[in-house]
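So the chains spell out like this:
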Amino acid sequence: MKAKKKILNDFGGIMFSTDPSFVYEQDKELEEAPLAANQQDLRVLLDRKNRGGKGVTLVTGFIGSTEALETLAKMLKSKCGVGGAAKDGEILIQGDFRDKVLLLLQKEGYKVKKSGG
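On a predicted model such as this, the values are computed, not experimentally measured, just so you know.

Caption draft 1: Expanded view of the packing of helix α1 (residues 66-80) against helix α2 (residues 98-107). Remark: α1 packs on α2, axes separated minimally by 11 Å, with the N-to-C direction vectors making an angle of 130°. For the element pair α1 / α2, the angle class is oblique. Seen from above, α1 lies across α2 with right-handed handedness. Across the interface between the two elements, Leu-72, Leu-76, Lys-79 and Cys-80 of α1 pack against Lys-100, Val-101, Leu-104 and Leu-105 of α2. Classifying every residue of the contact of α1 with α2 gives 6 nonpolar, no polar and 2 charged.

Caption draft 2: Molecular detail of the sheet that holds strand β2 (residues 56-60). Within the open sheet, the 5 strands sit side by side as β3-β4-β2-β1-β5. Their pairing is mixed. Pairing within the sheet leaves two strands with one partner each, and these edge strands are β3 (84-87) and β5 (111-114). Averaged over all neighbouring strand pairs, the angle between strand axes comes to 20°, with direction disregarded. Against the sheet, α1 touches β3 and β4 (90-94), its axis set at about 15° to β4.

Caption draft 3: Molecular detail of the nonpolar core. In this structure, Leu-72, Leu-76, Ile-91 and Leu-105 are the most contacted members of the largest nonpolar core, which totals 18 residues. Of all the secondary structure elements, the ones that give two or more residues to this core are β1 (41-47), α1, β4 and α2. With 6 residues, α1 is the largest single contributor of residues to this core. Once you skip the residues sitting within four places of it in the chain, Leu-72 turns out to touch Phe-62, Ile-91, Leu-105 and Tyr-110.

Caption draft 4: Examining the side chain of Thr-57 more closely. Structurally, Thr-57 can be placed in strand β2. Using a relative accessible area of 0% as the deciding quantity, one classes Thr-57 as buried. Here Gly-95 takes part through its backbone oxygen, which lies 2.7 Å from a polar atom of the side chain of Thr-57. Side-chain polar atoms of Thr-57 contact the backbone nitrogen of Phe-97, separated by 2.8 Å.

Caption draft 5: Main features of the pattern of salt bridges. On inspection of all chains with the given rule, the structure shows 3 salt bridges. Arg-51 is the salt-bridge partner of Asp-47, the closest N and O atoms lying 2.9 Å from each other. Across the pair Lys-114 and Asp-99 runs a salt bridge, and its minimum N-O distance is 2.6 Å. Taken together, the residues span a long stretch of sequence, with Lys-114 in strand β5 and Asp-99 in helix α2 at a distance of 15 residues. Looking at Asp-99, the relative accessible area reads 47%, which means it is partly exposed.

Caption draft 6: Fine view of the environment of Asn-38. Mapping Asn-38 onto the fold places it in the segment before β1. Considering only alpha carbons, one finds Asn-38 and Gly-109, 71 residues apart in sequence, at a separation of 5.4 Å. The residues contacting Asn-38, other than those within four sequence positions of it, are Gly-109 and Lys-111.

Conventions adopted
- Residues numbered from 1 in each chain as written.
- Predicted model: local features only at pLDDT ≥ 70, side-chain atom pairs only at ≥ 80, totals over all residues.
- Heavy atoms only, no water.
- Axes fitted to C-alpha atoms, helices over the stretch in contact; angles between N-to-C directions.
- Helix = DSSP H or I, 4+ residues; strand = E, 2+ residues; numbered from the N terminus.
- Parallel < 35°, antiparallel > 145°, perpendicular 65-115°, else oblique.
- Left-handed = near helix turned anticlockwise from the far one by under 90°.
- Contact = heavy atoms within 4.5 Å.
- Nonpolar A, V, L, I, M, F, W, Y, C, P; charged D, E, K, R; others polar.
- Pairing = 2+ DSSP bridges.
- Core = buried A, V, L, I, M, F, W, Y, C linked by side-chain atoms within 4.5 Å.
- Buried < 20%, exposed > 50% of the residue type's maximum accessible area, 1.4 Å probe, protein only.
- Polar contact = N/O pair within 3.5 Å; in protein donor to acceptor, adjacent residues only side chain to side chain.
- Salt bridge = Lys/Arg side-chain N within 4 Å of Asp/Glu carboxyl O.

See below:
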């Protein structure tokens, strides 16, 4: 996932200190705790935009680490027997495998909905 930009509120309103010995203590960034599979709300849809008319099965809505996303994508690609990618919190599976991906994710315990007709 992309790193969140720091804004003024992230620093508690401190912008500048005239004290030369001042050290701002930053809170350790809390990583997004990965949600359990049954708490994930995933959407499965067929996407043909900017792909030269070729369709890809797109799984969106995943919340968790990139490693968990990549392992889930690897499992789906191997079960479907096709290629794909995992980036920006989305999983792309080459071809129209919406029904198969939907069943595989339900067996893994995810809450999944078919989206986009």
